[in-house]
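Understanding the architecture of this molecule
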Amino acid sequence: MGSLVLEMRWVHGSRGWKCDECYLAFTKGIQHENSLGCWKIGIPLSSLNVDLGDLLVLLEEMKVPWKFSRFAFPVSAMSRGILIIYTGSKDEMERVMGELGPLIRRVGSLERKFFDVFVNVEWKGGINYRRGCPEFDKFGDWRSWGKETH
C-alpha cells in the first residue's frame, strides 16, 4: 500500500515567518534555539465566530504573522482547515490568544482529537497552541524543552 501524502496550500499574511534558520538546523538534526521561543497558535476554521477575511484584517492590524490552509479530502472529514499564528514568546502568544478568544468557539471532539494526535497541542477554548513545529517533537515533547531564549 502506498502512503497518503497530503499537499497543503498555505495563504500567508504580509509578515514573514522566522523559520528559515530553524528549519535548516532541523534538516541537519539540530534543534535551533529559535524553536525554544517559537509559539504557534492554531485556530481551526470551524471554530471561527467571525468571517475569516475579517479576522485576517484584524491579524494584519495586530502585526502578527499568520498563514491558513483549507484541508482537502480525506482530512477535511475531520477538520475544514487551520489558521496558524506565529508568536516569538509565550507572553506574546497569551496576549494574542486573549485578544482573539471572544471570536472563537470550541471545536467538536473529533476535530479536537485530530489536532491532539497529529499536531500534539494544548487547548484554551477553541484555540490550540504549541511550542515550535510538530516536526520538532523528534527532539522530545515540546512541553519538556528547556527555557525560552527570548
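In case you missed it, the structure is sitting above this.
Below, the structure is looked at part by part. Please read all numbers here as calculations on a predicted model, not as lab measurements.

Another aspect to go through is the sheet that holds strand β6 (residues 127–131). In any sheet, the strands associate via hydrogen bonds between backbone groups, in a parallel or an antiparallel arrangement. The strand order across the open sheet formed by 6 strands is β1-β3-β4-β2-β6-β5, and the pairing between neighbours is antiparallel. Looking at which strands have only one partner, the edges of the open sheet turn out to be β1 (11–12) and β5 (122–124). Relative to strand β3 (residues 66–70), β1 runs antiparallel, the two sharing 2 bridges. By the bridge assignment for β3, His 12 is matched with Lys 67.

Now for the nonpolar core. Nonpolar side chains in soluble globular proteins tend to be buried together. In this structure, Ile 41, Ile 43, Leu 59, Leu 83, Ile 85 and Leu 100 are the most contacted members of the largest nonpolar core, which totals 28 residues. The set of elements that each furnish at least two residues to this core consists of α1 (20–27), β2 (39–44), α3 (52–62), β3, β4 (81–87), α4 (90–100) and β6. The element that contributes the greatest number of residues to this core is α3, accounting for 5 residues. If sequence neighbours within four positions are ignored, Ile 43 has contacts with Leu 48, Gly 81, Ile 82, Leu 83, Ile 85, Leu 100, Ile 104 and Ile 127. Core analysis: the next-biggest nonpolar cluster, separate from the first, contains 12 residues, Trp 17, Tyr 86, Val 107 and Val 121 among them.

Each pocket or cavity is described by its volume, and for the largest pocket that value is around 1,000 Å³. Lining the largest pocket are 41 residues, and of these Met 8, Trp 10, Ile 84, Pro 134 and Glu 135 sit closest to its centre. If you tally residues by element for the lining of the largest pocket, the top one is helix α5 (residues 109–119), at 4 residues. Tallied by class, residues from the lining of the largest pocket come to 26 nonpolar, 7 polar and 8 charged.

In this section: α1. Because an α-helix packs 3.6 residues into every turn, residues spaced three or four apart end up facing the same way. Within α1 the residues assigned to the buried category are Cys 22, Ala 25 and Phe 26. Considered in projection along α1, the buried side chains sweep an arc of 105° and stay on one side of the axis. The exposed set on the far side of α1, more than 90 degrees from its buried face, consists of Asp 20, Glu 21 and Thr 27. On its buried side, α1 packs onto α2 (34–37). The positive-phi residue at the C-terminal boundary of α1 is Gly 29, with phi of around 80°.

Calculation criteria
- Residues numbered from 1 in each chain as written.
- Predicted model: local features only at pLDDT ≥ 70, side-chain atom pairs only at ≥ 80, totals over all residues.
- Heavy atoms only, no water.
- Pairing = 2+ DSSP bridges.
- Helix = DSSP H or I, 4+ residues; strand = E, 2+ residues; numbered from the N terminus.
- Core = buried A, V, L, I, M, F, W, Y, C linked by side-chain atoms within 4.5 Å.
- Buried < 20%, exposed > 50% of the residue type's maximum accessible area, 1.4 Å probe, protein only.
- Contact = heavy atoms within 4.5 Å.
- 1 Å grid on protein atoms, 1.4 Å probe; cavity = no way out; pocket = protein on both sides within 12 Å on 5 of 7 lines; lining within 4 Å.
- Points joined across faces, edges and corners; volume = space filled by probe spheres on them.
- Nonpolar A, V, L, I, M, F, W, Y, C, P; charged D, E, K, R; others polar.
- Arc of directions from axis to C-beta.

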